[in-house]
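# Structure at a glance
In case you want the letters, here they are:
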Amino acid sequence: MKIVLLDAYTANPGDVSWAPLQAIAECEIHDRTPVTETAARCAGAEVIITNKAPVTREIIAALPDLKYIGVTATGYNIVDVAAAKERGIVVTNVPGYSSPAVAQLVFALLLELTNHVGHHAQTVAEGRWQSCPDFCYWDFPIIELSGRTLGIIGYGDIGSAVGRIAVAFGMKVLASKRDWKVAPPEGVTPASIDEVFAQSDAISLHCPLTDATKHLVNGRTLGLMKESAFIINTGRGPLVDEAALAAALNSGRIAGAGLDVLSVEPPKDGNPLIGAKNCLITPHIGWASREARVRLIAATASNLQAFLDGKPVNVVG
Ligand SMILES: NC(=O)c1ccc[n+]([C@@H]2O[C@H](COP(=O)([O-])OP(=O)(O)OC[C@H]3O[C@@H](n4cnc5c(N)ncnc54)[C@H](O)[C@@H]3O)[C@@H](O)[C@H]2O)c1
Ligand SMILES: O=C(O)[C@H](O)CO
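Scoring rules and cut-offs
Residues numbered from 1 in each chain as written. Chains lettered and ligands numbered in written order. Predicted model: local features only at pLDDT ≥ 70, side-chain atom pairs only at ≥ 80, totals over all residues. Heavy atoms only, no water. Helix = DSSP H or I, 4+ residues; strand = E, 2+ residues; numbered from the N terminus. Buried < 20%, exposed > 50% of the residue type's maximum accessible area, 1.4 Å probe, protein only. 1 Å grid on protein atoms, 1.4 Å probe; cavity = no way out; pocket = protein on both sides within 12 Å on 5 of 7 lines; lining within 4 Å. Points joined across faces, edges and corners; volume = space filled by probe spheres on them. Nonpolar A, V, L, I, M, F, W, Y, C, P; charged D, E, K, R; others polar. UniProt positions renumbered as here; feature names shortened; annotations may be inferred. Near = heavy atom within 4 Å. Polar contact = N/O pair within 3.5 Å; in protein donor to acceptor, adjacent residues only side chain to side chain. Areas by Shrake-Rupley, 256 points an atom, 1.4 Å probe, with all protein chains shown as cover. Domains from an automatic or database assignment. Contact = heavy atoms within 4.5 Å. Buried area = accessible area lost by both parts, 1.4 Å probe. Salt bridge = Lys/Arg side-chain N within 4 Å of Asp/Glu carboxyl O.

### Examining unusual backbone geometry
With omega at -5 degrees, the peptide bond leading from Glu265 into Pro266 counts as cis. As for its placement among the helices and strands, Pro266 is situated in the loop between β11 (256-259) and β12 (279-281). Unusually for a residue other than glycine, Asn278 sits at a positive phi of about 50 degrees. Checked against the element boundaries, Asn278 lands in the loop between β11 and β12. Overall, Asn278 belongs to the partly exposed group, its relative accessible area being 36%. Despite not being glycine, His284 has its phi angle at roughly 50 degrees, a positive value. Positionally, His284 belongs in the loop between β12 and α11 (290-308). Among the residues examined, His284 registers a relative accessible area of 18% and is labelled buried.

Laid out in structure tokens, this is it:
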């Protein structure tokens, strides 16, 4: 059985092990695969493992032996799942492996916007406190989270982890999801997407990228937001119309943004959000704790084993 890992480097830059997968079968491990080389590299493969290397309809059509695509991520928008399904190819993802890490990053971004720890520590390192006439100073309003409202769009595994932390901070939580089969916990109030935009002091995006959620953050929805509000996106870059968000930030229409994802990664020169006012951007690190990547590799292996045993789990699409 030929198993090809297309873009193994980010999940394992050398500090974890592919042993759980290699225990199942020999694997051809590539750090990176340009999309133009995927079909050639995977010729004869029955199994492809990918994180962000796209598996398009054209690539699927060029691989007659392909039976299984294992996505080493929760978000699986890089795979043409409809094309895979037409061919009977099973596609799986890994839910939940990074939820604590992503929820933590949401608050790292939000707290940087409310307290500017990095900025103030830098001014102290530069000697400003020693020359200050007062015992303290601050360069931005220091904003309390307690009593404010966090809006969560996509109240699934990560969204609910974010909600629990928000409640611990004393925040009110408004949450939007496709359907509420189970009532939300105390402190969390179901809301429509427009209510979330209009009533929140900070909004955090945790829905998957689909046709329905692309550019969910756009000129209209940004126009509903409070001028003092922040937006946090650790979901997927295309959830946001980047030109509209950059314009809203630069004009002061909203107060700030914390983004872990962009529409093209790595971003191209000229991305309007890089350098936009009060816009903090991290390079897609929400999932990247070592603990999360160990869980990810273990789950990737158990997903493959379940498929080989004829009882696939975590099937998407
Ligand atoms: N930054 C990172 O490193 C990182 C890491 C993991 C996941 N992610 C992203 O986070 C996303 C969410 O992950 P998760 O584990 O919480 O997934 P999940 O499936 O548990 O939750 C997604 C939620 O979104 C809701 N949803 C779907 N469409 C919606 C819509 N149109 N409007 C409102 N809600 C909608 C679903 O009902 C569900 O409750 C992933 O799809 C992925 O894109 C990013
Ligand atoms: O979806 C995920 O799991 C992260 O974005 C890492 O790929």
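### What to know about the layout of surface pockets
The space that makes up the second largest pocket amounts to roughly 160 Å³. Forming the boundary of the second largest pocket are Leu113, His116, Phe140, Pro141, Ile143, Ser228, Phe230, Ala255 and Asn278. When grouped by side-chain class, the residues that make up the lining of the second largest pocket number 6 nonpolar, 3 polar and no charged.

### Considerations on the UniProt feature "domain: D-isomer specific 2-hydroxyacid dehydrogenase catalytic" (unreviewed entry) in the protein
According to UniProt, the positions carrying the feature "domain: D-isomer specific 2-hydroxyacid dehydrogenase catalytic" (unreviewed entry) are residues 16-313. In residues 16-313, helix accounts for 33% and strand for 14%; the two terminal C-alpha atoms are 24 Å from one another.

### Structural notes on the site of ligand 1
Around ligand 1 sit 24 residues, and of these Asp157, Ile158, Thr234, Asp260 and Trp287 come closest. Gly156 is positioned with one of its backbone polar atoms (N or O) 3.4 Å from an oxygen atom of ligand 1. Residue Ile158 places a main-chain N or O atom 2.9 Å away from an oxygen atom belonging to ligand 1. Contact with the protein chains hides 86% of the accessible area of ligand 1, taken as 870 Å² for the molecule alone.

### A short note on the domain arrangement of the protein
By the assigned domains, the protein splits into domain 1 (3-97 + 290-308) and domain 2 (99-281). Centre-to-centre, using C-alpha coordinates, domain 1 lies 31 Å away from domain 2. Contacts between the two partners involve 6 residues from domain 1, matched on the other side by 5 residues from domain 2. Buried surface at the junction of domain 1 and domain 2, summed over both partners, amounts to about 470 Å²; 48% is from carbon and sulfur atoms. Of all residues in domain 1, the largest losses of buried area upon contact with domain 2 belong to Lys52, Asn77 and Gly96, amounting jointly to 67% of the total for that side. At the surface where domain 1 touches domain 2, the tally comes to 0 salt bridges. Linking domain 1 with domain 2 are 3 residue pairs in polar contact (both at pLDDT 80 or more), by the criterion used here.

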